[in-house]
Amino acid sequence: MLEFLKTIMPNVINQLPELLKSCNETLYMTGAAGIISFIIGIFFALIFTVTKQGGILENVVLWTILDKIINFFRSVPFVILIVLLIPITRILAGTAIGVDGAIPPLIFATAPFFSRQLENAFAEIDYGSIEAAKSMGISPAGIIFRVYLKESIPGIIRGVTITIINLIGLTAMAGAVGGGGLGDFAIRYGYQRYQTDITVVTVIILIVMVTAVQALGDFLARRTSH
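It should be emphasised that the depicted structure is a prediction, and the values quoted were computed from it without experimental measurement. (Residues numbered from 1 in each chain as written. Predicted model: local features only at pLDDT ≥ 70, side-chain atom pairs only at ≥ 80, totals over all residues. Heavy atoms only, no water.)

### Quick notes on the nonpolar core
Here is a general trend for soluble globular proteins: nonpolar side chains tend to be buried in one another's company. Quick note on the threshold: Here, the term nonpolar core denotes a set of buried Ala, Val, Leu, Ile, Met, Phe, Trp, Tyr and Cys residues that are joined through side-chain atoms within 4.5 Å. Each residue gets one of three labels from its accessible area relative to the maximum for its type: buried under 20%, exposed over 50%, partly exposed in between, using a 1.4 Å probe on protein chains only. Numbered from the N terminus, helices here are DSSP runs of H or I no shorter than four residues, and strands are runs of E no shorter than two. By definition, residues are in contact when any of their heavy atoms lie within 4.5 Å.
Formed by 18 residues in total, the largest nonpolar core has its most connected members in I56, L118, F122, I143, I144, Y148 and L149. For this core, the secondary structure elements donating two or more residues are α3 (16-51), α7 (98-123), α8 (127-135) and α9 (140-151). In terms of residue count, α9 provides more of this core than any other element does, five residues in total. Those residues in contact with F122 that sit more than four places away from it in its chain are A45, L46, T49, Y148, L149, S152 and I156. Core analysis: the second largest hydrophobic core is formed by 17 residues, F78, L81, I82 and I107 among them.

### Examining the packing of α3 against helix α12 (residues 196-224)
Note the cut-off: Where helices are involved, their axes are fitted lines through C-alpha atoms of the stretch in contact, as for all axes, and angles between N-to-C directions lie from 0 to 180°. Helix crossings get a hand from a simple test, with the near helix turned counterclockwise from the far one by less than a right angle marking a left-handed crossing and a clockwise turn marking a right-handed one. When residue character is reported, Ala, Val, Leu, Ile, Met, Phe, Trp, Tyr, Cys and Pro are called nonpolar, Asp, Glu, Lys and Arg charged, and the others, Gly included, polar.
Relative to each other, α3 and α12 sit at 35 degrees, their axes nearing to 12 Å. Relative to α12, α3 is oriented so that their crossing is right-handed. Contacts between α3 and α12 involve L19, C23, T26 and L27 from the former and V201, I205 and M209 from the latter. Its residues assigned to classes, the contact of α3 with α12 shows six nonpolar, one polar and no charged.

### Section: helix α10 (residues 153-174)
Here is the rule: One less than the number of residues in a helix, times 1.5 Å, gives the span that helix is expected to have.
Its 22 residues give α10 an end-to-end C-alpha distance of 31 Å, which sits within 8% of 32 Å, the value for a rise of 1.5 Å per residue. Those residues of α10 that sit buried are P154, G155, I156, I157, G159, T161, T163, L167, I168, L170, T171 and A174. On its buried side, α10 packs onto α3, α5 (78-84), α7, α9 and α12.

### A closer look at the packing of aromatic side chains
Convention followed: Only Phe, Tyr and Trp rings take part, Trp by its six-membered ring, and two of them pair if their centres are within 6.5 Å. Stacked means planes under 30 degrees apart, edge-to-face means over 60, and tilted covers everything else. Criterion for a charge above a ring: Lys NZ or Arg CZ within 6 Å of the ring centre, and within 35 degrees of the ring normal.
Tallied over the entire structure, the rule returns seven aromatic pairs. Ring centres 5.6 Å apart and planes at 75 degrees place the aromatic pair F43 and F44 in the edge-to-face group. Residue classification places F44 among the partly exposed positions, given a relative accessible area of 24%. Through a chain of ring-to-ring contacts, three or more aromatic side chains come together here, namely F72, F73 and F108. One Lys or Arg, R116, reaches over the ring of F48 and ends 4.7 Å from the middle of that ring.

### Notes on helix α4 (residues 60-75)
Operational definition: This arc corresponds to the set of directions leading from the helix axis out to the C-beta atoms.
Relative to the 22 Å expected for 16 residues at 1.5 Å per residue, α4 spans 22 Å between its end C-alpha atoms, a close match to the ideal helical length. Here α4 has its buried residues at L66, D67, I70 and F73. Projection of α4 onto a plane perpendicular to its axis shows the buried side chains occupying an angular sector of 135 degrees, all on one side. Away from its buried face, by an angle of more than 90 degrees, α4 presents the exposed residues V61, K68 and S75. Structurally, α4 contributes buried residues whose contacts are with α3, α5 and α7.

### What about the layout of surface pockets?
What counts is decided by this rule: Residues are called lining when one of their atoms sits within 4 Å of a cavity or pocket point, these points coming from a 1 Å grid over the protein atoms alone, where a cavity is a set in which a 1.4 Å probe fits but cannot get out and a pocket is an open set with protein on both sides within 12 Å along at least five of seven lines. Grid points are joined across faces, edges and corners, and a volume is the space filled by probe spheres set on the points.
Computed from the structure, the largest pocket encloses a volume of approximately 180 Å³. In this structure, the largest pocket is lined by I40, F44, L66, I69, I70, F73, I107, F108, A111 and P112. At the level of secondary structure, the elements contributing two or more residues to the lining of the largest pocket comprise α3, α4 and α7. A breakdown of the residues in the lining of the largest pocket according to their chemical character gives 10 nonpolar, no polar and no charged. Roughly 150 Å³ of volume is contained in the second largest pocket. Along the walls of the second largest pocket sit F73, R74, V76, P77, F78, A109, F113, N166 and L170, which together make up its complete lining. Where the lining of the second largest pocket is concerned, the elements lending two or more residues are α4, α7 and α10. Looking at the lining of the second largest pocket residue by residue, the classes come out as seven nonpolar, one polar and one charged.

Right, dumping it as structure tokens:
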């Protein structure tokens, strides 16, 4: 089997330790940026939901300011965002290159995207449930936890799934500017050295990652749907 693999993908076998290292870097970037983006995204999504016109804590001025900020970060292409955030990245991560240097831009790109996904999930909640909670004297904090978060679990899972898939793509893009991971591996060996088998295997690994995340997300969303 090993001889067969050496025949069809010799460069991959020769660079196997580097490939495994790149896979770990991609998983690390996805996990670290994903967890932080989840916390930030759900916080902003809740603020969006409760401060919008007709929300339980209506504040149109705050909603408008946050809306413009989120739209700004969502509209800037990721490669440009990496360059734009270099001073902030150096402050937060101590470096603007490598895996650690890629995480802050990934968060700035992913958190706004995730917050919009959750905002849509919260918007699907039957407003009658919110009115019923109000009539029972439940506080705004209680409504947030017992209605918005509890009733939108399937939507949150779908939002997390889409966001992780998007984040995996961004980690690969970060490799174009020395961010490490599978994207950097594919560019350094597959593209710059014309080692096609490395490019193909890298793409296959990314497809497997995305497929696994999508399958798990679909399963959990079905299990939590009423």
